Amino acid sequence: MERLSSKTVYEGRIAKVRLEEFRYDDGSVHEREVVGHPGAVAIVAHDGESVYMVRQPREPVNEPDLLEVPAGKLDVEGESRLECAQRELAEEIGRAAAEWRELKRLYPSPGILEEEVTLFLATDLSDAEAEPDDDERLEVVPYPLDRIDDAIDECRDAKSLVGLMLLREELRAGA
């Protein structure tokens, strides 16, 4: 396919919306609405006993306390994905990790959203100091690793589900 045109029709603080026109191999041309987003990171952090998650309100889906892994936008100029993940882990759950590994990159909703999320595994945790964002309302939830299936059952957030399932597979392989 070939992108023929792109016109921004809305630009907000987090996302923008573009009308884009594409030509496909069969010659047909179609317009698509694309939500632009800088990308994000998500962190599956565990200390061998618990995986650290957060509950927070997610107004767009009318969820007052959605269970998720710590995550955040790539919104600091020049910051790498790993640096963003390290910052977000400290801001959201007050932890640092000595060991980091990229687990997966994924598109949460590729039919409309260009966002790519990078999932990291963070281990060998220690306490860290950081200031959470003023507008965040987070409750830190240490979920016991032996109850990871319960966490998966309770979770409805796509990036968190992928991360938890990858962690479950790693735990099973190591058992």
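**Comments concerning the overall build of the protein**
(1) Moving on: Along the protein, the regular secondary structure elements total 3 helices and 10 strands.
(2) Moving on: Seen in sequence order, the protein has helices and strands lined up from the N terminus as β-β-β-β-β-β-β-α-β-β-β-α-α.
(3) Moving on: If one aligns the C-alpha atoms of the protein with their principal axes, the spans along those axes are about 55 × 35 × 35 Å.
(4) Moving on: Counting across all 175 residues of the protein, residues that qualify as buried make up 39%.
(5) Moving on: If you take every contact in the protein between residues at least 6 apart in sequence, the share linking residues at least 24 apart comes to 54%.
(6) Moving on: Averaging the positions of the 22 positive and the 43 negative side-chain charges in the protein gives two centres separated by 5 Å.

**Some remarks on a negative patch on the surface**
(1) Moving on: Judged by side-chain charge, Glu129, Glu131, Asp134 and Asp135 come together as a negatively charged surface patch.
(2) Moving on: Relative to the helices and strands, Asp134 is located in the loop between strand S9 (117-127) and strand S10 (139-144).
(3) Moving on: Residue Asp134 is classed as exposed on the basis of its relative accessible area, which comes to 82%.

**Quick word on the sheet that holds strand S3 (residues 29-36)**
(1) Moving on: Taken together, the 3 strands give an open sheet; going across it, the order is S1-S2-S3, and neighbouring strands pair in antiparallel fashion. If you trace the sheet from one side to the other, it starts and ends with strand S1 (2-11) and S3, each paired once. The average undirected angle you get between the axes of adjacent strands in this sheet is 20°.
(2) Moving on: Pairing analysis gives 8 bridges linking strand S2 (residues 16-23) to S3, with the strands arranged antiparallel. The residue bridging Arg23 from the neighbouring strand is Val29, located in S3.

About the thresholds
Residues numbered from 1 in each chain as written. Predicted model: local features only at pLDDT ≥ 70, side-chain atom pairs only at ≥ 80, totals over all residues. Heavy atoms only, no water. Helix = DSSP H or I, 4+ residues; strand = E, 2+ residues; numbered from the N terminus. Buried < 20%, exposed > 50% of the residue type's maximum accessible area, 1.4 Å probe, protein only. Contact = heavy atoms within 4.5 Å. Lys, Arg positive; Asp, Glu negative; His and termini not counted. Charge placed at Lys NZ, Arg CZ, Asp CG, Glu CD. Patch = residues over 30% accessible without salt bridge, like charges linked within 9 Å, V, L, I, M, F, W, Y side chains within 5 Å. Areas by Shrake-Rupley, 256 points an atom, 1.4 Å probe, with all protein chains shown as cover. Salt bridge = Lys/Arg side-chain N within 4 Å of Asp/Glu carboxyl O. Pairing = 2+ DSSP bridges. Axes fitted to C-alpha atoms, helices over the stretch in contact; angles between N-to-C directions.

Functional significance is not addressed by these values, which are geometric in nature.
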